[in-house]
Amino acid sequence: MNVKTPSKLEKMLAAGHLAVTSECGPPRGSDPEVIIEKTNLIKNHVDAINITDNQTSVTRLCSLAACIRLKLLGLEPVLQMVTRDRNRIAIQSDILGAASFDIHNILCLSGDHQSFGDCAKGQNVHDLDSMQLIQTVRHMRDEGKFLGGEEIKRPPRMFVGAAANPFADPFEIRVPRLAKKIAAGAEFIQTQCIYNLDKFEKWMKLARDRGLHEKVFILAGVTPLKSAGMAKYMKNRVPGMDVPDEIVNRMAGTPKDKQADEGIKICIESIQRLKEIEGVRGFHVMAIEWEEKVPEIVEKAGLFPRPEV
Amino acid sequence: MIVADKKPMEEIIQEVKDHSKILILGCNECVTVCEAGGKKEVGVLASALRMYFMNQGKTATIDEITLERQCDHEYLEEVRDRIDLYDAVVSLACGVGVQFMAEKYQATPVYPGVNTCFLGATEKRGLWTERCQACGQCILAFTGGICPISRCAKRIMNGPCGGSTKGKCEISKEIDCAWQLIVDRLKALNRLEDYEKIFSIKDWSTDRAGGPRKVQREDVQE
């Protein structure tokens, strides 16, 4: 497969390796050391690091600045960008800003509603939606033009990603929605955290039936559970999350001091099973405020050392 | 219709407490239907204010008038000959009526008596819900007659987002996911294949974004 950008993540996937990405949430403050420390924990075990964009609508240091910090350290960032906080001027401007630092990956998202965060009384923008953001980046990259039609001098060269949630409703449009994102221009997909593997397998089969697995690189999302409480919280409180009772019960049935280990074990087992699914081309390991566990997961899942590309 | 909700009594008292000749002006249109600013609500507010002034040991005249509409010159003219009797008006019309009143009677303070909320419908008595944000370029033909701009919390044109759960929006289990409704409706119309058409970037210049709007039609001008 030909690569279209200088993205290391794209090269890794195009070479047929199972890619590994992870993510870091920027701090609620301006100390860059927090990002540096977090990324140092995982940098040898992943191919690229997503930097979240004010996740759950809680105000944080901006994704772009954190991505630049990674880039300056010689790492491969994935700029997450939500359409909640920016209009099309800011979106294009931030894309160019990222491109000026040779940030070569972007993940296009709509973002959680602001009512979840610390500025619940604020406006949201949604001038574009995530689908249209994908189109925008591809337009800027492939046509070398702004949305307004003018030519861009030194257009961005970004590998364009999108999220997919196989577990949100309605299920029947989950695969058509994936097809739509691919048609909009998505080149890689990072999925919502997978706990319900049966349902994920069903979604992948439907995707394969339409040949979508050959049109996009699908990275399966996994998040280790730290405790039974977290499992219950994810099941009951996080929109669009599907944690089967079996997982909750397994965590709850484990003594408290062993639950974290059990969570890691479940995560590794999940990766092993996901590896067998045709069309899964890598893993997105989201260890929420638990970055130090990423190396162990990657190693025990047989994904280490990372191939050179 | 334009749906409004009552303002808290304390807020209205703050608006008018230093006045003594007050006209409570209702509107016989939308705000009557949504029971926030019609003749009945005018009466209730007037009584409450009379009570307030009496308890304060103040003398105040509180009069009640309900016009056919407050968004029409013709009806607003009906109070011209008596507007000078008052040192304040509390308009229970929507924001349009309040402003039209203020524009017309420059020297009389006009206070809003309701909070204007949205363009919506009566689901049942006591429950009104939003249906339209007046974006100026209707897309309902493409979305099965259900508007994602007014009914999706993120006004997503290509939804649903990943937060749609069991037909409900991620922000509240009380709110239907607009895109679930759209998908259900497209299915009922046997048009589910339309779901995969990408809705391209919307022109928001006909929306609030484009500045104050105007509809001007020569065919009906006198």
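Please refer to the structure higher up on the page.
J.: I'd like a rundown of the overall build of chain A, residues and numbers included.
T.: The helix and strand inventory of chain A stands at 11 helices and 8 strands. Its C-alpha atoms give chain A a radius of gyration of 19 Å, within 12% of the compact-globule value 19 Å for 309 residues. The principal-axis extents of the C-alpha atoms in chain A amount to approximately 60 × 45 × 40 Å. Across the 309 residues in chain A, those meeting the buried criterion constitute 58%. Partitioning the contacts of chain A with sequence separation of at least 6, the portion at a separation of at least 24 is 79%.

J.: Now, about a nonpolar patch on the surface: what can you tell me, with residues and values included?
T.: Together, Phe116 of chain A together with Ile171 and Ile175 of chain B line one region of the surface with nonpolar side chains, adding up to about 210 Å² of accessible area. Structurally, the position occupied by isoleucine 171 of chain B is in the loop between strand E8 (168-169) and strand E9 (172-176).

J.: Now, about the packing of helix H6 (residues 174-184) of chain A against helix H7 (residues 197-209) of chain A: what can you tell me, with residues and values included?
T.: Residues and elements named next belong to chain A. Close contact between H6 and H7 brings their axes to 9 Å; oriented N to C, the two are set at 50°. Judged on the interaxial angle alone, H7 and H6 are oblique. The element H6 and its partner H7 pack so that their crossing is right-handed. Every residue of H7 that contacts H6 at Arg174, Val175 and Leu178 is listed here: Trp203, Leu206 and Ala207.

J.: For the pairing of strand E2 (residues 21-27) of chain B, give the residues involved together with the corresponding values.
T.: Residue and element names in this part refer to chain B. Counted residue by residue, E2 has 6 buried out of 7 residues, so it is predominantly covered. For E2 and strand E3 (residues 61-67), the ladder comprises 7 bridges, and the chain directions are parallel. If you follow leucine 25 over to E3, its bridge partner there is isoleucine 65. Pairing geometry for E2 and strand E4 (residues 88-91), over 4 bridges, is parallel. Residue pairing for E4: leucine 23 is matched across the bridge by valine 89.

J.: Requested: an account of the sheet that holds strand E7 (residues 127-132) of chain B, with residues and values cited.
T.: All names here are of chain B. The strand order across the open sheet formed by 3 strands is E1-E6-E7, and the pairing between neighbours is antiparallel. The open sheet has two edge strands with one neighbour each: strand E1 (2-6) and E7. Adjacent strand axes in the sheet meet at a mean angle of 75° when their direction is disregarded. Note that strand E6 (residues 114-124) and E7 share 5 bridges and pair antiparallel. Residue leucine 119 lies in a different strand from E7, and its bridge partner there is cysteine 132.

J.: Quick rundown of the interface of chain B and chain A? Include the residues and the values.
T.: Taken together, the contact between chain B and chain A spans 30 residues of the former and 34 residues of the latter. The junction of chain B with chain A conceals about 2,600 Å² of combined surface from both sides, 51% of it contributed by carbon and sulfur atoms. Summed over the shared surface of chain B and chain A, the number is 2 salt bridges. Between glutamate 172 of chain A and lysine 187 of chain B there is a salt bridge, with its nearest N and O atoms 2.8 Å apart.

J.: Explain the sheet that holds E4 of chain B to me, using residue names and the numbers behind them.
T.: All names here are of chain B. Strand order in the open sheet formed by 4 strands is E3-E2-E4-E5, with parallel pairing between adjacent strands. Among the strands making up the open sheet, the edge pair consists of E3 and strand E5 (110-112). Recorded for the sheet is a direction-independent mean angle of 25° between the axes of neighbouring strands. As judged from the 3 bridges shared by E4 and E5, these two strands associate in the parallel manner. Bridging across to E5, valine 89 finds its partner in valine 110. Helix H1 (residues 9-16) contacts E2, E4 and E5 of the sheet and is inclined by roughly 170° relative to E5. Where helix H3 (residues 39-55) meets the sheet, its contacts fall on E2, E3 and E4, and the angle it forms with E3 comes to roughly 170°.

About the criteria used
- Residues numbered from 1 in each chain as written.
- Chains lettered and ligands numbered in written order.
- Predicted model: local features only at pLDDT ≥ 70, side-chain atom pairs only at ≥ 80, totals over all residues.
- Heavy atoms only, no water.
- Helix = DSSP H or I, 4+ residues; strand = E, 2+ residues; numbered from the N terminus.
- Rg over C-alpha atoms; globule rule 2.2 N^0.38 Å.
- Buried < 20%, exposed > 50% of the residue type's maximum accessible area, 1.4 Å probe, protein only.
- Contact = heavy atoms within 4.5 Å.
- Patch = residues over 30% accessible without salt bridge, like charges linked within 9 Å, V, L, I, M, F, W, Y side chains within 5 Å.
- Areas by Shrake-Rupley, 256 points an atom, 1.4 Å probe, with all protein chains shown as cover.
- Salt bridge = Lys/Arg side-chain N within 4 Å of Asp/Glu carboxyl O.
- Axes fitted to C-alpha atoms, helices over the stretch in contact; angles between N-to-C directions.
- Parallel < 35°, antiparallel > 145°, perpendicular 65-115°, else oblique.
- Left-handed = near helix turned anticlockwise from the far one by under 90°.
- Pairing = 2+ DSSP bridges.
- Buried area = accessible area lost by both parts, 1.4 Å probe.

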